[in-house]
Amino acid sequence: MQTHNLGYPRIGSNRELKKACEQYWSGKITLADLLSKGKNISGHNWKLQQEAGIDLIPSNDFSYYDQILDMSLTVGAIPKRYNQVALKSNNEMDLYFAMARGYQKEGLDITAMEMTKWLDTNYHYIVPEFYKNQEFKLFSNKIVNEFVSAKRLGINSKPVIIGPVSYLLLGKEKEEGFDKLDLVKRLLPVYVEILTELKAHGAEWIQFDEPFLALDINAQAKEAYQYVYAELKKKFPLLKILVATYFEGLKDNLVLAASLPVHALHIDLVRNPEQLEEVLNAIPEQLILSLGVVDGRNVWKNDFEQSLSIIKKAVDQLGSDRVLIAPSCSLLHSPCDLDLETNDQTLTPEIKQWLAFAKQKIDEVVTLKALASENPDAIALEKLEENKKAISNRRTSKLIHNEQIKQRVRAITAKDAERTNPFPTRKKTQQEILQLPLFPTTTIGSFPQTPEVRSWRARFKKGEITPAEYDTLLKKETEETIRWQEEVGIDVLVHGEFERNDMVEYFGEQLDGFTFTKNGWVQSYGSRCVKPPIIYGDVHRPDAMTVYWTEFAQSLTKSLVKGMLTGPVTILQWSFVRNDQPRSVTCNQIALAIRDEVVDLEKAGIKVIQIDEPAIREGLPLRKAAWQAYLQWAVNAFKISASGVKDGTQIHTHMCYSEFNDIIQNIADMDADVITIECSRSQMELLDAFADFKYPNDIGPGVYDIHSPRVPSKEEMVALLEKAKAVIPAEQLWVNPDCGLKTRHWPETKSALIAMVAAAKELSAKEYVLN
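The rules behind the values
Residues numbered from 1 in each chain as written. Predicted model: local features only at pLDDT ≥ 70, side-chain atom pairs only at ≥ 80, totals over all residues. Heavy atoms only, no water. Helix = DSSP H or I, 4+ residues; strand = E, 2+ residues; numbered from the N terminus. Rg over C-alpha atoms; globule rule 2.2 N^0.38 Å. Buried < 20%, exposed > 50% of the residue type's maximum accessible area, 1.4 Å probe, protein only. Contact = heavy atoms within 4.5 Å. Areas by Shrake-Rupley, 256 points an atom, 1.4 Å probe, with all protein chains shown as cover. Lys, Arg positive; Asp, Glu negative; His and termini not counted. Charge placed at Lys NZ, Arg CZ, Asp CG, Glu CD. Core = buried A, V, L, I, M, F, W, Y, C linked by side-chain atoms within 4.5 Å. 1 Å grid on protein atoms, 1.4 Å probe; cavity = no way out; pocket = protein on both sides within 12 Å on 5 of 7 lines; lining within 4 Å. Points joined across faces, edges and corners; volume = space filled by probe spheres on them. Nonpolar A, V, L, I, M, F, W, Y, C, P; charged D, E, K, R; others polar. Pairing = 2+ DSSP bridges. Axes fitted to C-alpha atoms, helices over the stretch in contact; angles between N-to-C directions. Expected span 1.5 Å × (residues − 1). Right-handed = clockwise from strand over helix to strand, strands pointing away. Polar contact = N/O pair within 3.5 Å; in protein donor to acceptor, adjacent residues only side chain to side chain. Phe/Tyr/Trp six-rings, centres within 6.5 Å; stacked < 30°, edge-to-face > 60°.

*Asks:* Help me understand the overall build of the protein, please; the structure alone is not making it clear to me.
*Replies:* On a plain count of helices and strands, the protein comes out with 28 helices and 24 strands. For 771 residues, the compact-globule estimate of 2.2 N^0.38 gives 28 Å, and the protein sits close to it at 26 Å. The 771 residues of the protein split such that 62% are buried. Considering only contacts within the protein whose residues lie at least 6 apart along the sequence, 79% involve residues at least 24 apart. Summed over its atoms, the accessible surface of the protein is roughly 29700 Å², and 50% of this surface lies on carbon and sulfur atoms. For the protein, the separation between the mean place of its 92 positive charges and that of its 105 negative charges on side chains is 1 Å.

See below:
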């Protein structure tokens, strides 16, 4: 029996990669410095796993931005608009970052590639762009270079490569008249070239990630899988290929997956433990089965007894030599190291004993192998006893349950999830109260959090400045932001959220049932890292969370100021959620807490309230058969949070980096008065779903991409708005950025928003002339 890992966090235990990338982008360090930092992180990760006792250690799981972007660069799937960057730059990394972030210097102004969610996670990948008759060629040697680097450290690693079929399915056709899977025969020779190089350097195992084997796929995709792996078997009969699936069960694709001529198959037994028996009965005699028993996406300690029963069942049927033990998926989605949590005030010892981060999960995999052997050693048996105690302690802890909260959830009725009147009636009332112009402008909520603002928060937490001093500093920053928005002419202002660290963490810190880490960072996209809260118990709002700052901002101006909240589904999705009760129950607890906050904001005189739900689409199950059950409770939770107010209070919501076509009816069912969505990277393509559906409520398609440092011109925004106006009635349109502005810098933010307001005014003037 062997152990392996599907991938390790790449950001570094102290976010070293994030800091290095941002320093490189700002010109503070050289490319050599950046590459050295990346090499150090990779080396540390490999050695850590080697010392822990992992048998098959992954390489090519490291990335400077995104693993799918890495593959696009590797196979030469580089959109032609970046040719000039390639000519101007002396290195591959500048081209790579231009594809991810856009490029606006040296006389060039090139948009970034589209970004969207990685399956049902909060990780974002860069979407490959495909064209009819596209040619692929080996452009980057990253995969081979990393294998060689690991080998120099004495590790014959298992390269991790996104499989050819999943890579194509993750991309988007950028012209009509072909299907992206038509490109599989053009793409495969590049994979063959890569494997040839790896084999020449001594590679024995290759991991192909094929998550689409656990999704609903059509006949063409199934044929592509059969073709690809038959061809690879012909060319590399002795290479041990492991096909990894995760986040769902194989289900109707089991026969296909089991028939692929590969050496091993990985299945996720955390997300779909029910599949084990069917898989065991379906796989052929020669196939090795990799058991994903340690949760790669959550932070709870593995229940060894439960995992050992799964392993025993597999070993009894297959034999130990045909079983691999592994995490359920890449540990990319886990924080790095629980040992870094040394502050008992942040994370109490009782809760900490229930947790395991990436480093600890590696140890769990190795310990499970030892315990599953015929004669476990004393150290393994001691760890088993410790594990039993921790699992039992969590199950019986008084920290977890609050009967009053449970009773309030049980008392929810259908009326709690409905506004008093339908949208047309509300819109008329709101227009009388709010007096908004045609094409009203707003932002999504946050404004730049400068190093100075972040330093205030750090100093306040360390006790270096008093609460009164901190309050004064934040009020000054808030007032300057309000005054600037007034000066520019934005119609619905925001207070800037300078008091907030993260859109989920900030609320979790004020809700019972949440706990936090100091170093529990995970990558969201590129250099953007988040520190998800941990929901360990029943959720309740003891006090108002945002009223103080929103009321203060409104007191500064006669303009409308939006109250800014994160919705219940997003708080759920972007936290590490307790796994001892249905997610729907936890979501309703959060919904009631947000509802209380919405009502309090209305009482404080706030007339526009935004409840962000960017994670609604992300939370959608990967199999369509499970969609409606999820959407029913998710949409209902949002409506519970939003429906405690009067008709005249305008409720906004925000969604980003999602495909909306399949759930447009459910988005309409949410019945927000205004929805703002990310649209600029896709050049308003995402708006088509709303147009085709004839979306009845108001909508703000984002006109500028805040995830890129480039500043769009007024003319560019006007063109995007004209596209929007061609498919959505003018009286329904709002004008806004794609997302919050927290991660941007003030100069680019001001330039972009000035252009945005000017674009809205130009469009409004044109509409006035037409009418």
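*Asks:* Teacher, can you tell me more about the nonpolar core here?
*Replies:* Buried together is how nonpolar side chains tend to be arranged in soluble globular proteins. Counting 109 residues, the largest nonpolar core has Trp118, Ile161, Tyr167, Tyr191, Leu198, Tyr229 and Leu232 as its most contacted members. If one sorts the elements of this core by residue count, helix α8 (residues 184-200) sits on top with 9 residues. With residues near it in sequence (within four places) discarded, Leu198 still touches Ile143, Val144, Phe147, Pro159, Ile161, Ala203 and Ile206. Residues Tyr506, Ala553, Trp574 and Val735 belong to the second largest nonpolar core, which totals 103 residues.

*Asks:* When you look at empty space enclosed by the protein in this model, what are you seeing that I'm missing?
*Replies:* Over the atoms, a rolling probe the size of a water molecule traces out where space has been left empty. All chains considered together, the criterion is met by 6 cavities of 30 Å³ or more. Of the volumes computed, that of the largest cavity is approximately 450 Å³. In this structure, the largest cavity is lined by 31 residues; those nearest its centre are Met503, Arg528, Trp574, Cys739 and Gly740. Class assignment of the residues belonging to the lining of the largest cavity gives a composition of 14 nonpolar, 10 polar and 7 charged. Each pocket or cavity is described by its volume, and for the second largest cavity that value is around 250 Å³.

*Asks:* Help me understand the sheet that holds strand β10 (residues 205-209), please; the structure alone is not making it clear to me.
*Replies:* Strand order in the open sheet formed by 8 strands is β1-β14-β13-β12-β11-β10-β8-β2, and the pairing between neighbours is parallel. Either end of the sheet is taken by a strand with one partner, and the two such strands are β1 (2-3) and β2 (58-59). Two strands pair when backbone bridges link them, and β1 and strand β14 (residues 323-327) are joined in this way by 2 bridges, in the parallel orientation. Counted as the bridge partner of Thr3 is Ile325 from β14. With respect to the sheet, α8 is in contact with β8 (158-162) and β10, its orientation differing from that of β8 by roughly 175°.

*Asks:* How should I be thinking about α8 in this particular structure?
*Replies:* Each turn of an α-helix holds 3.6 residues, which means side chains three or four residues apart point in the same direction. If you check α8, its first and last C-alpha atoms are 24 Å apart, about what 17 residues at 1.5 Å a residue would give, namely 24 Å. Three or more residues of α8 are buried, namely Val184, Leu187, Leu188, Val190, Tyr191, Val192, Ile194, Leu195 and Leu198. Directly beyond the C-terminal end of α8, a positive phi value near 100° is found at Gly202.

*Asks:* Whenever I open this one, the sheet that holds strand β21 (residues 608-612) confuses me. Can you help?
*Replies:* Pairing between the strands of a sheet comes from backbone hydrogen bonds, and it takes one of two forms, parallel or antiparallel. Across the sheet, which stays open at both edges, the 6 strands sit in the order β15-β20-β21-β22-β23-β24 with parallel pairing between neighbours. A strand with exactly one partner marks an edge of an open sheet, and here the two such strands are β15 (492-493) and β24 (698-701). Bridge count for β15 against strand β20 (residues 560-566) is 2 bridges, and the pairing is parallel. By the bridge assignment for β20, Val492 is matched with Leu560. Helix α23 (residues 583-603) contacts β20, β21 and β22 (650-655) of the sheet and is inclined by roughly 170° relative to β20.

*Asks:* Help me understand unusual backbone geometry in this model?
*Replies:* Backbone geometry follows two general trends: most residues other than glycine have a negative phi, and most peptide bonds adopt the trans configuration. Although it is not a glycine, Asn60 adopts a positive phi angle of roughly 65°. By the secondary structure assignment, Asn60 is in the loop between β2 and α3 (67-74). Owing to a relative accessible area of 11%, Asn60 belongs among the buried residues under this scheme. In this structure, Phe439 is a non-glycine residue whose phi angle is positive, near 55°. Checked against the element boundaries, Phe439 lands in the loop between α17 (423-434) and α18 (451-461).

*Asks:* Got a minute to help me understand the pairing of β21 in this structure?
*Replies:* If a strand is regular, its side chains alternate between the two faces of the sheet. By the criterion of burial, β21 is predominantly enclosed, with 5 of the 5 residues buried. Residues Val608, Gln610 and Asp612 line one face of β21 and the alternating positions Ile609 and Ile611 line the opposite face, and both faces are buried. Where β21 and β22 come together, 3 bridges link them in parallel fashion. Within the sheet, the bridge partner assigned to Ile609 lies in β22 and is Ile651. Assessed by its sense of winding, the connection that carries the chain from β21 through helix α24 (residues 627-642) to β22 is right-handed.

*Asks:* Looking at this structure, I do not really get the side chain of His124. What am I missing?
*Replies:* Assignment of secondary structure puts His124 in strand β6 (residues 124-126). According to the relative accessible area criterion, His124 is buried, its value standing at 7%. Here the side chain of His124 touches Asn122 through a polar contact of 3.1 Å, landing on its backbone oxygen.

*Asks:* Sorry if this is basic, but what is going on with the packing of aromatic side chains here?
*Replies:* The geometry of an aromatic ring pair is captured by the separation of the ring centres together with the interplanar angle, meaning the angle of the planes. Enumeration over the complete set of coordinates arrives at 20 aromatic pairs. For the ring pair Trp25 and Tyr65, a centre distance of 6.2 Å and an interplane angle of 50° mean the geometry is tilted. Of the two residues, Trp25 is situated in helix α1 (residues 16-25) and Tyr65 in the loop between β2 and α3; the sequence distance between them amounts to 40 residues. Look at Trp25 and you get partly exposed, because its relative accessible area is 23%. Ring geometry for Tyr548 and Trp549: centres 5.2 Å apart, planes at 90°, overall edge-to-face. In this structure Trp549 comes out as buried when scored by relative accessible area, which is 8%.

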